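Architecture at a glance
Here is how the chains run, residue by residue.
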Amino acid sequence: MTHLNQSHSLATRLFPFLRWLKGYDTSTFRSDAAAGLTVAVVLIPQAMAYAMLAGLPPVYGLYAASVTPWIAALWGSLRQMGTGPIAIMSLLVLTTLTPVAEPGSRQYVEMAILLAHLVGLIYLLVGIFKMGQVMAFISHSAVKGFTAAAALIITATQLPHLLGLHVGRHEYIFPMLLEILRGLGSIQVQTAVIGVFSFIIIYGLKRMNPKIPAGLIALALTGSAVYFFNLHETGVVVIGQIPSGLPRPKLPLFDMDIGFSLIGPAVVIALVSFAETYSVGKAISSETKQKVDVDQEFIGQGLANLVGSFFQCYPVAGSFSRTAINFSSGARTGISSVVASIIVVVALLFLTPLLTYIPRAALAALVISAVLLLFHPKEVFALWKMNRHDGTVAITVFVLALVSKPDYALLIGVMISLIFFLWKTMHPRIVRITKDPVHNMFINADLADKPSCPQILHLRSDNAMYFANAEYTVEHILYRVEQVDTPLRFLLLDFQAVGFIDITGIDELRALNEELRTRKIRLAMMAVHRPVMEAFDRSGFIKEIDTECLIDSSCLMEHKGEAITRLFAGLDHEHCRNKCPYALFYECSQVK
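Quick caveat, the model's predicted, so the values are computed rather than measured.

Grouped together as the largest cluster of nonpolar side chains are 117 residues, with contacts concentrated most on M48, L56, L62, V93, F146, Y314 and L363. Not counting chain neighbours up to four residues away, the residues in contact with L62 comprise I44, A47, M48, V344, L348 and L355. The next biggest cluster of nonpolar side chains, apart from the first, holds 28 residues, and it includes V474, V481, L491 and V532.

As structure tokens, then:
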């Protein structure tokens, strides 16, 4: 029996979809099939459009849409996740490869496929070794700034296709916009009309009903117009003939120099794309109550990219729009993505002649209408109002992404976020605590502007004590001690918020204890967590603390009331009776 259980456990680890395939019935399949068909209607035009955005022939978007969705759905943790080509990933592929190869060239295509291979390997390594917590280093503020800038950059890259302009290759957005402005006089009128008409159709239908396949309708109408009125002969650029058939299995072309040069960009692309995938997963899991297994999702996305690279696919990730459509259409399991992939396969086998006359301007309109949903400048400025550090990160990433390469901007944003975090931990808030006798509770005396006991200074640090902040913490504590102009007997440190201390922190506490002894002030501590207590014990510091102030020969007290009771016996009761104007504690009434 044990052997059977172990075999079943191994099988479900290798093939996680076996868990939800158990009990699968025809009713569930009908729901999944309907959702898969709905997603495919959106996926086919988007896949071609995003491939064009990535600088690839549209057919490579269809290859990615036919292979990757079902792999990510079966091996990922979220059953409704819609994986495939997405706008931000396509933009990063374009900005990464444009400086080294001509978009659309054979070398460019091979490098895009190699990029998918590297992204897949990175995902798999992170997932297999359970390092999914690396996502915690990408702050939401950096992602918000990046996506807002990406929406503008993507729109700028699509304007030449939308308006029928010929623009040279540019690595940065502003020279491109300048050339677009200079070329406005040479707009190809028929192309511009088709592009604007497509955008109006897509935008209008989406406003009427988000479930309408507006992109497919726009492509069908404009493609029909091009075919029947021979607009492709008047200068309207069309997709052209798409090779029919499935992508043939093929090893990615690996060149050592190129491979090593792409590792850095692959890491950035992997982190950025998974940040969007993770955001999608969190949004859907809140509705479906599924648990997001970050490491398993990394494995699912990794397999999709890695296997896809052997079938001529470029990097893919989870799509917010298609996942939302999949969920709202009634998808219950990953079979919906399998159905969507099968429909794309059918389109590749039998429907490619119908795609020949689709104008590139219509695809550009489809991309622009999709990415404008990512542009939320109000969110960036809202972050500034809520938290200046988050606002600074978001605005910095937004501006840098527009004036430099977007992936560099995101990395800088991540570093700035970490610097702000370190700066905050290096300067912990240290507050004075006192008791409010009216409400019979301990409060922040600094905030409430309440007096403390003249003989007990009760302080609380709101962070761990480690090498970067230990000296600052002790210096600040001594500064607070020096501010007291009454005969201080005890310094009571509240360790409730201190969950970690290193050897530097202990050494600084030793120095503090020595300094307090020279001033005839006793050090006491309370609410010490077990890891901190163990560090005190291992270092021997617990034996160095003045034990005369406590009944049980321990200065480590768990509760504020207990701490005050123990310390009160060591106060100068004559001072309490004759000079202290306060009655903060219950014990005060016993000596006055």
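Further remarks concern a nonpolar patch on the surface. Residues L246, I342, V346, L349, F350, L351 and L354 make up a contiguous nonpolar surface patch of roughly 680 Å² in combined accessible area. Here L351 lies in helix α14 (residues 335-351).

Next up on the list: the packing of aromatic side chains. Inspection of every chain in the model, using the stated rule, returns 13 aromatic pairs. Judged by centre distance (5.1 Å) and plane angle (80 degrees), the ring pair of F17 and W75 falls under edge-to-face. You can see F17 sitting in the loop between α1 (2-14) and α2 (18-21) and its partner W75 sitting in helix α4 (residues 58-75), a full 58 residues away along the chain. One exposure class covers both F17 and W75, and it is buried. Connected via pairs of aromatic rings, a cluster forms that spans F15, F17 and W75.

Next up on the list: the side chain of S273. Turning to its location among the elements, S273 is positioned in helix α11 (residues 256-288). Using a relative accessible area of 2% as the deciding quantity, one classes S273 as buried. If we ignore the near neighbours within four places in the chain, the residues touching S273 are M89, Y123 and A317.

Looking now at the pattern of salt bridges. According to the stated counting rule, one finds 11 salt bridges in the structure shown. When the shortest N-O distance is used, the salt bridge between R510 and D507 registers 3.2 Å. In this pair, R510 and D507 are both assigned in helix α21 (residues 503-518), 3 residues apart and thus about one turn of the helix distant. Residue D507 is classed as partly exposed on the basis of its relative accessible area of 39%. Here the salt bridges do not stand alone but share partners, grouping R429, R460 and D462 into one network.

Further remarks concern helix α17 (residues 388-403). The end-to-end C-alpha distance of α17, which contains 16 residues, comes to 22 Å, matching closely the 22 Å that a straight helix rising 1.5 Å per residue would cover. Turning to α17, its buried residues are G391, V393, A394, V397, F398, A401 and L402. End-on, the buried residues of α17 take up no more than an arc of 165 degrees, which puts them together on one face. Where α17 is buried, its residues touch α7 (140-163), α8 (173-182), α16 (377-386) and α18 (406-426). Structurally, the start of α17 carries an N-cap: the backbone nitrogen of H389 is 2.8 Å from a side-chain oxygen of N387.

Further remarks concern the environment of V226. Within the element layout of this structure, V226 appears in helix α10 (residues 214-229). Here the alpha-carbon distance between V226 and Y357, two residues 131 residues apart in the chain, equals 6.3 Å. Excluding residues that lie within four positions of it along the chain, V226 makes contacts with I194, L231, H232, V236, V238, Y357 and P359.

Chain-level pLDDT for the protein chain is 89 on average; 96% of the residues reach the 70-or-more range. Below a pLDDT of 50 lies the segment residues 548-555, which in the model reaches 21 contacts outside its immediate sequence neighbourhood of four places, other chains included.

Parameters and conventions
- Residues numbered from 1 in each chain as written.
- Predicted model: local features only at pLDDT ≥ 70, side-chain atom pairs only at ≥ 80, totals over all residues.
- Heavy atoms only, no water.
- Core = buried A, V, L, I, M, F, W, Y, C linked by side-chain atoms within 4.5 Å.
- Buried < 20%, exposed > 50% of the residue type's maximum accessible area, 1.4 Å probe, protein only.
- Contact = heavy atoms within 4.5 Å.
- Patch = residues over 30% accessible without salt bridge, like charges linked within 9 Å, V, L, I, M, F, W, Y side chains within 5 Å.
- Areas by Shrake-Rupley, 256 points an atom, 1.4 Å probe, with all protein chains shown as cover.
- Salt bridge = Lys/Arg side-chain N within 4 Å of Asp/Glu carboxyl O.
- Helix = DSSP H or I, 4+ residues; strand = E, 2+ residues; numbered from the N terminus.
- Phe/Tyr/Trp six-rings, centres within 6.5 Å; stacked < 30°, edge-to-face > 60°.
- Expected span 1.5 Å × (residues − 1).
- Arc of directions from axis to C-beta.
- Polar contact = N/O pair within 3.5 Å; in protein donor to acceptor, adjacent residues only side chain to side chain.
- pLDDT = per-residue confidence, 0-100.

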